[in-house]
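Letter by letter, the chains look like this.
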Amino acid sequence: MTGFEMADNDSDVSSSGEWVLMGTMQGSRRIWSVPITNLPFRIGRRPGLEMTLHSQAVSVAHAEIYESSGSLRLRDLRSTNGTFVNRKRITDATIDDGDILHFAEFEFRLARQGRRTAAIQVTAVLDQVALPQHFSEKTRELAELLHDGAVTTLFQPIVELPAGNVVVGYEALGRGLHDRLPESPVELFRISASMGAEVALSRLFQDKAIEQAGKRTNLNRLFLNTHPAELSEPSLMASMERLHALASGLRLTVEIHEAAIVNVARVATLRARLSEMGIGLAYDDFGAGQARLLELAEVPPDYLKFDARFIRHIEGAPSSKRRLLKSLIAMARDLGVNALAEGVETPDEADVCAEIGFTHAQGFHFGVPRVYE
């Protein structure tokens, strides 16, 4: 249980008004924030402090945030269980945007917000509750990556079966370029989740892919990935229209992960708007989790991308597995959907995929992801 006691205060605001402490409650992905409006900003178990943390692990007066020589600093007030910055115990340290702060077991991320024009005296009272060790240490670097657009795109060909020698498009695969961050999009999205920045990162990857694809004449169709968080964004339609405008004649197909297809009505609305703009729709990683057959029937995509786990070693799989795949492919065909095999790595896998009815495929057998000049 979390409560906030707020009262107006007419005092002037210094640079402290730009800062907040962000946290998440266990069992919830919702990120809330506490403004740091007056300095020193004191944290502890005692009622009446700027932030009161109701836990015996927190000292009565645990720590305080203050300003010195234009910098924001954090000072431990001889607490029993320690004050930590980026998981290192401190006595007194400079803190900045993206730093991860711990007061005993409570975890927060320091973030810079827009400057306020009037101060608000805030007392945040957090009842005893387990707060997860949630935030990544690399949030400051990820903020730099987003600001600088430090990403690139690899392109992997998608071919038409059974021949496998006609390239019908390329999937755009984003990679990071920040020298203090991993290149992998999986890791980057893990860090972005601690900031609530998954949508911003996904859209940066999309914009960069269109920018790089626009410089190459042989990329006839571009498959763009989306993050599941985008489907719940009010700005989803506006974002798709922006991509259409950026593409400037390049044919697009937007990929939605199977796990994100939960609101059929919203996906149907998206499908209709994409069709109006001439943008295709693909359901990605079909069968990776719950195979959403009802949604597939109600809102058929242009492409159904079967997860690589269906394809791996398919040449040696039991006949029952092949029959299952053939029936799913036949169902897709009846709905006017192209069945695409992901992760095809060997000639034998390619031959079986063509034999059981896949219309398209991608994987190392047909081409590795690379930068196309």
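Residues numbered from 1 in each chain as written. Predicted model: local features only at pLDDT ≥ 70, side-chain atom pairs only at ≥ 80, totals over all residues. Heavy atoms only, no water.

1. Quick notes on the overall build of the protein
Next up, step 1: When helices and strands are counted, the protein shows 9 helices and 21 strands.
Next up, step 2: Per-residue burial for the protein yields a buried fraction of 50% across its 373 residues.
Next up, step 3: A total of about 17,100 Å² of accessible surface is found on the protein, and carbon and sulfur atoms cover 50% of it. (Helix = DSSP H or I, 4+ residues; strand = E, 2+ residues; numbered from the N terminus. Buried < 20%, exposed > 50% of the residue type's maximum accessible area, 1.4 Å probe, protein only. Areas by Shrake-Rupley, 256 points an atom, 1.4 Å probe, with all protein chains shown as cover.)

2. Concerning the sheet that holds strand β18 (residues 280–286)
Next up, step 1: Sheet architecture is closed into a barrel: 8 strands sit in the order β14-β15-β16-β17-β18-β19-β20-β21, paired in mixed fashion.
Next up, step 2: As paired strands, strand β17 (residues 251–257) and β18 are joined by 5 bridges and run parallel to one another. Pairing of Ile-256 across the sheet is with Tyr-283, part of β18.
Next up, step 3: Strands in contact with helix α5 (residues 264–277) are β17 and β18; relative to β18, the strand with the most contacts, it is inclined by about 135 degrees. (Pairing = 2+ DSSP bridges. Contact = heavy atoms within 4.5 Å. Axes fitted to C-alpha atoms, helices over the stretch in contact; angles between N-to-C directions.)

3. Looking at the pairing of strand β20 (residues 338–341)
Next up, step 1: Two elements, strand β19 (residues 303–306) and β20, share 4 bridges in a ladder whose sense is parallel. Bridging across to β20, Leu-304 finds its partner in Ala-339.
Next up, step 2: Examined bridge by bridge, β20 and strand β21 (residues 360–361) share 2 bridges and lie parallel to one another. Among the inter-strand pairings, Ala-341 is bridged to a residue of β21, identified as Ala-361.

4. A word on the packing of aromatic side chains
Next up, step 1: For the structure on display, the rule yields 6 aromatic pairs.
Next up, step 2: Centroid distance Phe-306 to Phe-310: 5.9 Å. Interplanar angle 65 degrees. Geometry classified as edge-to-face. For the residue pair Phe-306 and Phe-310, the accessibility class agrees, reading buried in each case.
Next up, step 3: Arg-75 extends its terminal NZ or CZ atom over the ring of Tyr-66, reaching a point 3.9 Å from the ring centre. (Phe/Tyr/Trp six-rings, centres within 6.5 Å; stacked < 30°, edge-to-face > 60°. Lys NZ or Arg CZ within 6 Å of the ring centre and 35° of its normal.)

5. Structural notes on the packing of helix α4 (residues 236–247) against α5
Next up, step 1: Look at α4 against α5: their axes get within 11 Å of each other, and the N-to-C directions meet at 20 degrees. Taken together, the axis directions place α4 and α5 in an arrangement best described as roughly parallel. Seen from above, α4 lies across α5 with right-handed handedness. Note on element contacts: α5 touches α4 through Arg-266, Thr-269, Leu-270, Arg-273, Leu-274 and Met-277, opposite Leu-236, Met-237, Met-240, Glu-241 and His-244.
Next up, step 2: A breakdown of the residues in the contact of α4 with α5 according to their chemical character gives 6 nonpolar, 2 polar and 3 charged. (Parallel < 35°, antiparallel > 145°, perpendicular 65-115°, else oblique. Left-handed = near helix turned anticlockwise from the far one by under 90°. Nonpolar A, V, L, I, M, F, W, Y, C, P; charged D, E, K, R; others polar.)

6. A short note on the nonpolar core
Next up, step 1: In this structure, Leu-222, Leu-252, Phe-306 and Phe-358 are the most contacted members of the largest nonpolar core, which totals 54 residues.
Next up, step 2: Beyond its immediate stretch of four places on either side in the chain, Phe-358 contacts Leu-161, Phe-306, Ile-311, Leu-325, Ile-329, Ala-339, Leu-340, Ala-341 and Cys-353. (Core = buried A, V, L, I, M, F, W, Y, C linked by side-chain atoms within 4.5 Å.)

7. Points about the side chain of His-227
Next up, step 1: By the element assignment, His-227 lies in the loop between β16 (221–225) and α4.
Next up, step 2: Judged by its relative accessible area of 17%, His-227 is buried.
Next up, step 3: A polar contact of 3.0 Å, which involves the side chain of His-227, links it to the backbone nitrogen of Ala-229. (Polar contact = N/O pair within 3.5 Å; in protein donor to acceptor, adjacent residues only side chain to side chain.)

8. Quick notes on the confidence of the model for the protein
Next up, step 1: Taken residue by residue, the protein gives an average pLDDT of 84. The fraction at 70 or more is 85%.
Next up, step 2: The weakest mean pLDDT in the protein belongs to strand β1 (residues 2–8) at 34; the strongest belongs to β21 at 98.
Next up, step 3: Of the regions scoring below 50 in pLDDT, residues 115–124 engages in 39 contacts with residues more than four places distant in sequence or in other chains. (pLDDT = per-residue confidence, 0-100.)

9. Quick word on the pairing of strand β6 (residues 63–68)
Next up, step 1: Sheet analysis places strand β4 (residues 41–44) next to β6, joined by 3 bridges and oriented antiparallel. Paired with Phe-41 across the strands is Ile-65, a residue of β6.
Next up, step 2: The pairing of β6 with strand β7 (residues 71–76) spans 6 bridges and is antiparallel. By the bridge assignment, Tyr-66 is partnered in β7 with Arg-73.

10. Observations concerning unusual backbone geometry
Next up, step 1: Each neighbour pair has its own omega, and for Leu-39 with Pro-40 the value is 0 degrees, a cis peptide bond.
Next up, step 2: Following the sequence through the fold, Pro-40 ends up in the loop between β3 (31–36) and β4.
Next up, step 3: Following Leu-161, the chain continues into Pro-162 via a peptide bond in cis, with omega recorded as 15 degrees.
Next up, step 4: Structurally, Pro-162 can be placed in the loop between β14 (151–160) and β15 (166–176).
Next up, step 5: Not every positive phi belongs to a glycine, and Arg-78 is a case in point at roughly 60 degrees.
Next up, step 6: Within the fold, Arg-78 resides in the loop between β7 and β8 (83–85).
Next up, step 7: One non-glycine residue, Asn-86, lies in the positive phi region at around 50 degrees.
Next up, step 8: Within the secondary structure layout, Asn-86 lies in the loop between β8 and β9 (88–89).
Next up, step 9: On the accessibility criterion, Asn-86 (22% relative accessible area) is partly exposed.

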